[in-house]
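Secondary and tertiary structure notes
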Amino acid sequence: MKITLGLLAVLLGAGAHISYFKYQRPLAATSSGGQQYVVVDETIWRHSRPDLGDLRLYSAGTEVPYRLEIERPRAEVVQQNVQLLQPGTLREKTEFLLDMSGVPQYNRIRLKLATRNFVAHARVEGQDDSHGKHWAVLGTTTLYDLSNEKLGNNTTLQIPLTTYRYLRVTIDSSVKPSDVESAAAGMISEQKAAWQDLSSKPKETQEDKNTVFTFLIPKNAPVDRVNFSIDQAQQGFERAVEIQDDKERYIGSGELARVHMRRNGLKIDVERTSVNLPGASGGTLRVIIHNGDDAPLKISDARLQQYERRIYFDSRAGAQFTLYYGDEKLSAPVYDYAKLFRNDAGASRAEMGAEEANAGYTGRPDDRPWSERHSAVLWVAIIAAVIILGGIALRSMKTDRS
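Residues numbered from 1 in each chain as written. Predicted model: local features only at pLDDT ≥ 70, side-chain atom pairs only at ≥ 80, totals over all residues. Heavy atoms only, no water.

Some thoughts on the side chain of Asp145
Within the secondary structure, Asp145 is located in strand 10 (residues 136–145). For Asp145, which is buried and forms no salt bridge, the nearest opposite charge comes from Arg116, at a distance of 4.1 Å. Ignoring any residue separated from it by four or fewer positions in sequence, one finds Asp145 in contact with Arg116, Asn117, Phe118, Gly152 and Asn153. (Helix = DSSP H or I, 4+ residues; strand = E, 2+ residues; numbered from the N terminus. Buried < 20%, exposed > 50% of the residue type's maximum accessible area, 1.4 Å probe, protein only. Lys, Arg positive; Asp, Glu negative; His and termini not counted. Salt bridge = Lys/Arg side-chain N within 4 Å of Asp/Glu carboxyl O. Contact = heavy atoms within 4.5 Å.)

Describing the confidence of the model for the protein
Here the protein shows a mean pLDDT of 88. Residues at 70 or above account for 91%. Confidence drops under pLDDT 50 across residues 1–13; counting only partners more than four residues distant or on other chains, this segment forms two contacts. (pLDDT = per-residue confidence, 0-100.)

Regarding the sheet that holds strand 21 (residues 266–272)
Spatial ordering of the open sheet is given by 16-17-23-19-20-21, a layout of six strands whose pairing is antiparallel. The open sheet has two free edges, formed respectively by strand 16 (203–207) and strand 21, since each of these has just one partner strand. Looking at each pair of strands side by side, their axes are set apart by 20° on average, direction ignored. By the bridge criterion, eight bridges tie strand 19 (residues 237–245) to strand 20 (residues 250–263) in an arrangement that is antiparallel. Considered in strand 20, the bridge of Gln244 is made with Tyr250. (Pairing = 2+ DSSP bridges. Axes fitted to C-alpha atoms, helices over the stretch in contact; angles between N-to-C directions.)

Here we look at the packing of aromatic side chains
With the rule as written, the count across this model stands at ten aromatic pairs. Taking 5.5 Å as the distance between ring centres and 65° as the angle between the ring planes, the aromatic pair formed by Tyr66 and Tyr335 counts as edge-to-face. Of the two residues, Tyr66 sits in the loop between strand 4 (62–64) and strand 5 (67–70) while Tyr335 sits in the loop between strand 26 (321–325) and helix 3 (336–339), which places them 269 residues apart along the sequence. The buried category is assigned to Tyr335, whose relative accessible area is 12%. Aromatic ring contacts, followed pair by pair, group Tyr37, Tyr312, Tyr337 and Phe341 into a single cluster. Above the ring of Trp195, the side-chain terminus of Arg225 is found at 3.9 Å from the ring centroid. In this structure, Arg310 packs its charged tip against the face of Tyr37, placed 4.3 Å from the ring centre. (Phe/Tyr/Trp six-rings, centres within 6.5 Å; stacked < 30°, edge-to-face > 60°. Lys NZ or Arg CZ within 6 Å of the ring centre and 35° of its normal.)

Quick notes on the environment of Ala28
Of note, Ala28 is situated in strand 1 (residues 23–28). When the C-alpha positions of Ala28 and Glu351 are compared, they lie 5.2 Å apart, and in sequence the two are 323 residues distant. Residues in contact with Ala28, not counting those within four places in the same chain, are Ala350 and Glu351.

Details of the nonpolar core
Within the largest apolar cluster, 49 residues are counted, with the highest numbers of intra-cluster contacts made by Leu55, Phe228, Leu256, Leu285 and Leu323. Residue contributions to this core peak at four residues, all from strand 18 (residues 222–230). Discounting chain neighbours no more than four positions away, the residues touching Leu323 are Tyr23, Gln24, Arg25, Leu27, Ile44, Leu55, Arg56, Leu57, Ile311 and Met352. Met100, Ala120, Val124 and Val175 belong to the second largest nonpolar core, which has 24 residues in total. (Core = buried A, V, L, I, M, F, W, Y, C linked by side-chain atoms within 4.5 Å.)

What follows is the structure, given as structure tokens:
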């Protein structure tokens with residue numbers, strides 16, 4: 001019974017209570033109600049747990065369930081190999097059919113090509129009869145491989161969402177029928193990431209042939225990418241980027257590139273001005289741009305960014321909400337709302353007021369063992385016991401001598 005009561009006391013002590021939170025923020029929810037969200041800012045990162053597990057939402061003194069979402073780019077892709085039929089040459093161009101009968105819907109075709117260093121124009125047509133005469137034009141794509149220039153490649157045909165049984169693909173002669181090894185069809189549904197800037201301003205230096213940006217990461221805030229603003233007049237570049245911590249240990253890498261060119265009458269557009277990071281947090285970041293023998297890039301701004309962390313919740317018309325945080329011992333919540341959450345495209349953003357100290361803060365009761373809470377008394381008892389035992393031993397020695 002004592003063990004059960006003790007365990008119950010520990011479990012109750014680990015729960016949420018308004019008086020245990022150091023900080024609070026009022027929320028200006030919309031009056032109409034429905035699904036809403038607030039965005040976690042640097043103030044919350046600075047005073048909450050790094051995993052945000054101590055965030056709690058209250059309305060009229062009652063805890064409100066929520067879902068914490070990281071607004072990463074989302075894409076659902078299901079790829080399936082399709083049969084390649086009748087590759088050949090027609091009017092000096094490569095032409096082949098794709099049997100799409102096993103794929104109900106699709107909007108992209110990934111080709112596996114054996115050739116390198118090419119630029120080619122590809123035309124995609126569709127219909128349900130492979131021997132029919134009326135092919136619907138679905139789109140055109142520029143395929144390329146710029147291995148010599150180290151500027152990447154593209155071998156994916158992008159078309160509108162389609163259900164045709166057969167596709168006919170026609171590619172310029174720079175891709176031979178024997179170069180087309182296989183094809184896979186898929187459907188992708190994309191949602192763009194939502195980014196939030198962090199306040200850290202970098203120090204820029206030149207070290208030999210490298211441009212180095214040094215950032216101090218705000219407390220607890222994760223960093224998901226470094227984004228650069230590069231002069232639009234600067235064209236045709238590709239620079240390797242390395243990212244290190246304050247002890248010059250490797251964290252990540254990437255490249256900055258801008259390619260806008262025409263090759264064989266076709267246009268190629270590549271724009272990469274950011275480098276992703278695997279959620280770095282705390283300390284210092286060194287972002288090193290390797291310029292080689294070229295002049296440094298004309299960079300007007302460099303900033304740390306993170307995916308928005310959104311707190312989604314349902315609101316009633318006219319309800320008032322307060323966000324509490326700052327309880328290091330509180331475990332992350334488990335809500336049915338979070339498990340069954342469905343993002344409403346019409347969710348509205350609620351704004352947070354300024355951070356305030358929780359006037360009702362008392363802190364958690366001291367749940368340490370009695371010996372830790374009264375260590376001085378324990379030591380006095382131990383010393384007293386040693387003295388008493390020493391006295392008894394001394395008297396025993398005198399009695400034996402007598």
